Amino acid sequence: MEHNPIQTMLHEHDVITSTEHIIKSLDGHWNTDADKYKSTVEALVHFFREYADGYHHRKEEEILFPAINNHPDFVLQEIVEEFETHHEDFREYATEILDALSSDEFGKAYKVLTTYLNDLLDHIGAENDELFVLAETLMDEGDLETIYFKFKDIDMELGEERKVELENSLTQIAL
């Protein structure tokens, strides 16, 4: 299928999970260069808020989740509700990380950041293995193509060039 929205979701997941090596490299870095550590974590939180939440989660919450929930053959709405709860948790983690940084509690910020990362990786794995497979099973090609173009509308509204900049920014964020 040429316009598969699940491929869009999987690509965005790959970009998001590429932050794992950056985050792991930060462990204890505040002891040698606190300013660089702080700016790196702030940049990561900005990336998560703008790319993961702004582009990716928005597509799921506004388009994919309702399409699945409203499908006549889908009866497990609790699954989608759980994914939405995860998104809220991620937003809270981001705030908690920035609060810890503003108080120079760098160890705490790292602990929350790694919890965020681990929960995010689990979330992505569940979406990849369960939700996206479910979506492709429930929906026909026409439905999926409609979702794809709605995803493109969000990218255009938020800025396709900005999305690419955010994807590429991860190479500059790395220590």
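In this text the structure is predicted, and so the values were computed from the model without any measurement.

Draft legend 1. Expanded view of the packing of helix 3 (residues 34–69) against helix 5 (residues 106–138). At a minimum axis separation of 12 Å, helix 3 and helix 5 run at an interaxial angle of 25°. With respect to helix 5, the element helix 3 is oriented roughly parallel. The handedness of the crossing between helix 3 and helix 5 is left-handed. Looking at the contact of helix 3 with helix 5 residue by residue, the classes come out as 19 nonpolar, three polar and three charged.

Draft legend 2. Quick look at the pattern of salt bridges. For the coordinates displayed, the defined rule picks out 14 salt bridges. Of the charged contacts in the structure, one is a salt bridge between Lys-163 and Glu-12, with a shortest N-O distance of 2.6 Å. Note that Lys-163 is positioned in helix 7 (residues 160–173) and Glu-12 in helix 1 (residues 5–17), a separation of 151 residues in sequence. Here the two residues Lys-163 and Glu-12 agree in accessibility, since each one is buried. Put simply, Arg-91 and Glu-61 hold a salt bridge, and the shortest N to O gap is 2.9 Å. Of the two residues, Arg-91 is situated in helix 4 (residues 77–102) and Glu-61 in helix 3; the sequence distance between them amounts to 30 residues. A residue is classified by how much of its surface remains accessible, and Arg-91, at 24% relative accessible area, is partly exposed. Residue Glu-61 is classed as partly exposed on the basis of its relative accessible area, which comes to 25%.

Draft legend 3. Focus on helix 5. Along its 33 residues, helix 5 runs 45 Å from first to last C-alpha, staying within 8% of the 48 Å computed at 1.5 Å per residue. The sharpest bend along helix 5 reaches about 40° and sits at Glu-127.

Draft legend 4. Main features of the environment of Ile-154. Positionally, Ile-154 belongs in helix 6 (residues 141–158). Along the primary structure Ile-154 and Val-41 are separated by 113 residues, whereas in three dimensions their C-alpha atoms are 27 Å apart. When residues no more than four places from it in sequence are discounted, the contact partners of Ile-154 are Tyr-55, Arg-58, Lys-59, Glu-62 and Ile-63.

Rules and cut-offs
- Residues numbered from 1 in each chain as written.
- Predicted model: local features only at pLDDT ≥ 70, side-chain atom pairs only at ≥ 80, totals over all residues.
- Heavy atoms only, no water.
- Axes fitted to C-alpha atoms, helices over the stretch in contact; angles between N-to-C directions.
- Helix = DSSP H or I, 4+ residues; strand = E, 2+ residues; numbered from the N terminus.
- Parallel < 35°, antiparallel > 145°, perpendicular 65-115°, else oblique.
- Left-handed = near helix turned anticlockwise from the far one by under 90°.
- Nonpolar A, V, L, I, M, F, W, Y, C, P; charged D, E, K, R; others polar.
- Salt bridge = Lys/Arg side-chain N within 4 Å of Asp/Glu carboxyl O.
- Buried < 20%, exposed > 50% of the residue type's maximum accessible area, 1.4 Å probe, protein only.
- Expected span 1.5 Å × (residues − 1).
- Bend = angle between axes of the 7 residues up to and from the residue.
- Contact = heavy atoms within 4.5 Å.

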